[in-house]
Amino acid sequence: MSAARPIRAALLSVYHKDRLAPLVATLRRLGVQLYSTGGTQQFLEEQGAEVTAVEDLTGFPEVFGGRVKTLHPKVFGGILHRRHEAGDLAQAEQHGIPPIDLVVVDLYPFEETVASGAPEQDVIEKIDIGGIALLRAAAKNYRDVLVVSSRDQYEAVTKLLDDTSGSPSLDDRRHYAAAAFATTSHYDTEIFKYVSQGTGLAAPASPQGPTTPLRYGENPHQAGAFHGDLTALFDQLHGKQLSYNNLVDVDAAVQLMREFAGGPPAVAILKHTNACGVAQAASLHDAYVHALACDPVSAFGGVIIVNQEVDLATTQELNKLFFEVLIAPGFAAEALPVLQSKKNRILLKQKPVEFPTKLIKTLLNGIIEQDADLQIETAPDFRTVTESAPTSDEVAALEFANKICKHTKSNTIVLARPGQLLASGVGQTSRVDALRQAIEKAASFGFDLHGAVMASDAFFPFPDCVEIAAAAGVRAVVQPGGSIKDQDSIDACNRLGMAMVLTGVRHFKH
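Residues numbered from 1 in each chain as written. Predicted model: local features only at pLDDT ≥ 70, side-chain atom pairs only at ≥ 80, totals over all residues. Heavy atoms only, no water.

**Remarks on the overall build of the protein**
A tally of helices and strands in the protein yields 18 helices and 21 strands. Its C-alpha atoms give the protein principal-axis dimensions of roughly 95 × 50 × 45 Å. The 510 residues of the protein split such that 45% are buried. Pairs at least 24 residues apart make up 56% of the contacts formed inside the protein by residues separated by at least 6 positions. Just so you have it, the protein exposes about 24,300 Å², and 52% of that area is on carbon and sulfur atoms. For the protein, the separation between the mean place of its 45 positive charges and that of its 59 negative charges on side chains is 5 Å. (Helix = DSSP H or I, 4+ residues; strand = E, 2+ residues; numbered from the N terminus. Buried < 20%, exposed > 50% of the residue type's maximum accessible area, 1.4 Å probe, protein only. Contact = heavy atoms within 4.5 Å. Areas by Shrake-Rupley, 256 points an atom, 1.4 Å probe, with all protein chains shown as cover. Lys, Arg positive; Asp, Glu negative; His and termini not counted. Charge placed at Lys NZ, Arg CZ, Asp CG, Glu CD.)

Here it is as structure tokens:
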């Protein structure tokens, strides 16, 4: 068996026609026989190509409104027969089945149709049957066939065919076969997620979208890759490739800022997935200044996210700080050149996208799965359990602190005032340690905690946190409650003149 195998015949069946023309030109130059159907055939002919219609190959027309076009032995036999097996070759000749050496398929846009909110009938019609079968058949027979399963591959495959004079190697064919199976796996998973709604069946875990190799993983000695379509979420306007650690922090930043979507100007600064500065204000400039004031030391080299277009005034402040990544829904024309003055600074324009509602991670010798934590408690959910109720300003501060607390590593305590994070204690093995860390940090950056509020991600088993917070000046507390000793903390608040509200919802984050 020769590692390289010339492509003499190709079947093309694509939904989107963009980016296809250069590949068609190369196939024409190489003298490749082209087979196609419907709209793809029309596009190829508009490019000046001679095309044999699949129905002329099979002697059978498209039926059922195009639901059945390529599902025929002369198509799949041409793809699947083994060129090194004498019996297969004899049967192909006996039945007049010509070999097909290249299969190019761009599947029906099922995910896009679901995301558009289309009615069920339209969604079901975008479940590709023939295309999936073609990809699987070609990928199975990668020993003899090259398969192209995405528009994103057209440019690379065109170059491959140019460089190899139309005879890709076995390694090349295997590479694209693996990519095709990744495509079909993801596609089928998305269909399952849609059709299984309300059935109680859980979707299997699988990589989502294309695979992007990363420079390394969490540390240089670890390999890393991202599975998914980052271009659906971000337009990268400047800077180096996102690293593994960048992506982890970017995810934490995006999830935190979802809590402030549609609200007043908001800025969050994160380091190692935890917020070291969060603020809301009347302008984005003021929100950034207040967020940075929380912890200007940790902000160095951090990830910054905002919920509004970055204007020039904010940019001039941002440009004074070294940071790795800035995420925004937009950048003013006069702001972008200033931000791009630093060569490696990563600028991401965020686009609207549907986020997964399930969280999946490897653990031990398997995988664990849970629902994403999409709940957040606000004033209507607060249940006052103390003799004094929080003031309106304290309620606003408690809502603000509770949002940040939800996205901070447990055990955590968050100290805040309306629209500004003052300090947080993160990832501590005891809640008391988290509180003491937060108080010490607030003091180190000159914050007076008198009148501040406190949020906790889980209940207080003892009154010690309330007592320590009161001594520091904290006047109101939000926590989930649920301890058999809740009353001890409530009594402490009453004794110390503090207000406490319970939410009934815990937000551990590990």
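Continuing now.
**Quick word on the packing of helix α4 (residues 73-80) against helix α8 (residues 130-140)**
Two elements in contact, α4 and α8, have axes separated by 8 Å at closest approach and are oriented at 25°. Overall, the two elements α4 and α8 adopt an arrangement that is roughly parallel. In this structure, α4 uses V75, F76, I79 and L80 to contact α8, whose residues at the interface are G130, A133, L134, A137, A138 and K140. Taken together, the residues of the contact of α4 with α8 sort by class into 8 nonpolar, 1 polar and 1 charged. (Axes fitted to C-alpha atoms, helices over the stretch in contact; angles between N-to-C directions. Parallel < 35°, antiparallel > 145°, perpendicular 65-115°, else oblique. Nonpolar A, V, L, I, M, F, W, Y, C, P; charged D, E, K, R; others polar.)

**Some points on a nonpolar patch on the surface**
On the surface, a nonpolar cluster with roughly 310 Å² of combined accessible area is contributed by L363, L364 and I368. Note on placement: L363 falls in strand β14 (residues 358-363). (Patch = residues over 30% accessible without salt bridge, like charges linked within 9 Å, V, L, I, M, F, W, Y side chains within 5 Å. Salt bridge = Lys/Arg side-chain N within 4 Å of Asp/Glu carboxyl O.)

**Side note on the environment of A452**
Relative to the assigned elements, A452 resides in the loop between α16 (431-444) and β19 (453-456). Exposure remark for A452: the relative accessible area of 3% places this residue in the buried category. Along the backbone, A452 and S167 are 285 residues apart, and their C-alpha atoms lie at a distance of 70 Å. Among residues more than four places away in sequence, those in contact with A452 are A416, L422, G473, V474, R475 and A476.

**Regarding the sheet that holds strand β3 (residues 51-53)**
Within the open sheet, the 5 strands sit side by side as β3-β2-β1-β4-β5. Their pairing is parallel. The sheet is open, and its two edges are formed by β3 and β5 (146-148), each paired on a single side. Adjacent strand axes in the sheet meet at a mean angle of 20°, parallel and antiparallel pairs treated alike. The pairing of strand β1 (residues 9-14) with strand β2 (residues 33-36) spans 4 bridges and is classified as parallel. If you follow L11 over to β2, its bridge partner there is Y35. Contacts between helix α9 (residues 154-163) and the sheet are confined to β1, β4 (102-106) and β5, with β5 contributing the most and set at about 155° to the helix. (Pairing = 2+ DSSP bridges.)

**What to know about the pattern of salt bridges**
A complete count under the given rule lists 19 salt bridges for this structure. Across the salt bridge formed by E317 and K320, the nearest N and O atoms sit 3.2 Å from each other. Salt bridges here are not isolated pairs; linked through shared partners, they connect D18, R19, D106, R151 and D152.

**Focus: the packing of α8 against helix α10 (residues 170-195)**
Between α8 and α10, the least distance of the axes is 9 Å, while the angle of their chain directions is 150°. By the criterion of interaxial angle, the relationship of α8 to α10 is roughly antiparallel. The way α8 lies across α10 gives a crossing that is left-handed. Contact with α8, carried on its side by I132, L135, R136, A139 and K140, involves A177, A180, F181, T183, T184, Y187 and D188 of α10 and no other residues of that element. Across the contact of α8 with α10, the residue classes break down as 7 nonpolar, 2 polar and 3 charged. (Left-handed = near helix turned anticlockwise from the far one by under 90°.)

**Examining the pairing of strand β15 (residues 366-371)**
Examined bridge by bridge, β14 and β15 share 6 bridges and lie antiparallel to one another. Of the residues in β15, the one forming a bridge with K358 is D371.

**With respect to the environment of M500**
When you line up the elements, M500 lands in strand β21 (residues 499-502). Here M500 falls in the buried class, since its relative accessible area comes to 0%. As for M500 and I490, which are separated by 10 residues in sequence, their C-alpha atoms are 7.1 Å apart. Contact partners of M500, with chain neighbours within four places excluded, come to R383, T384, V385, T386, F460, V466, V477, Q479, S489, I490 and C493.

**Description of unusual backbone geometry**
With omega at -15°, the peptide bond leading from S410 into N411 counts as cis. Note that N411 resides in the loop between α15 (392-406) and β17 (413-417). Backbone geometry at T273 places phi at a positive 75°, although glycine is not the residue there. Its place among the elements puts T273 in the loop between β9 (266-271) and β10 (274-280).

**A few points about α8**
Across the 11 residues that make up α8, a large majority, 8, are buried. Regarding α8, the residues found buried are G130, G131, I132, L134, L135, A137, A138 and A139.

**Thoughts on the pairing of strand β12 (residues 325-328)**
Neither face of β12 is exposed, since V325 and I327 on one face and L326 and A328 on the opposite face are all buried. Across 3 bridges, strand β11 (residues 303-306) lies against β12 in parallel orientation. Its bridge partner lying in β12, I305 is registered against I327. Taking the sense of rotation as the criterion, the β-α-β connection linking β11, helix α13 (residues 312-318) and β12 turns out right-handed. (Right-handed = clockwise from strand over helix to strand, strands pointing away.)

**A few points about the environment of R475**
Locating R475 in the fold gives a position in the loop between α17 (464-472) and β20 (476-479). Given a relative accessible area of 30%, R475 falls into the partly exposed group. Setting aside anything within four residues of it in sequence, one finds R475 in contact with E394, G451, A452, L496, G497, M498 and A499. A distance of 2.7 Å separates the side chain of R475 from the backbone oxygen of G497, its partner in a polar contact. (Polar contact = N/O pair within 3.5 Å; in protein donor to acceptor, adjacent residues only side chain to side chain.)

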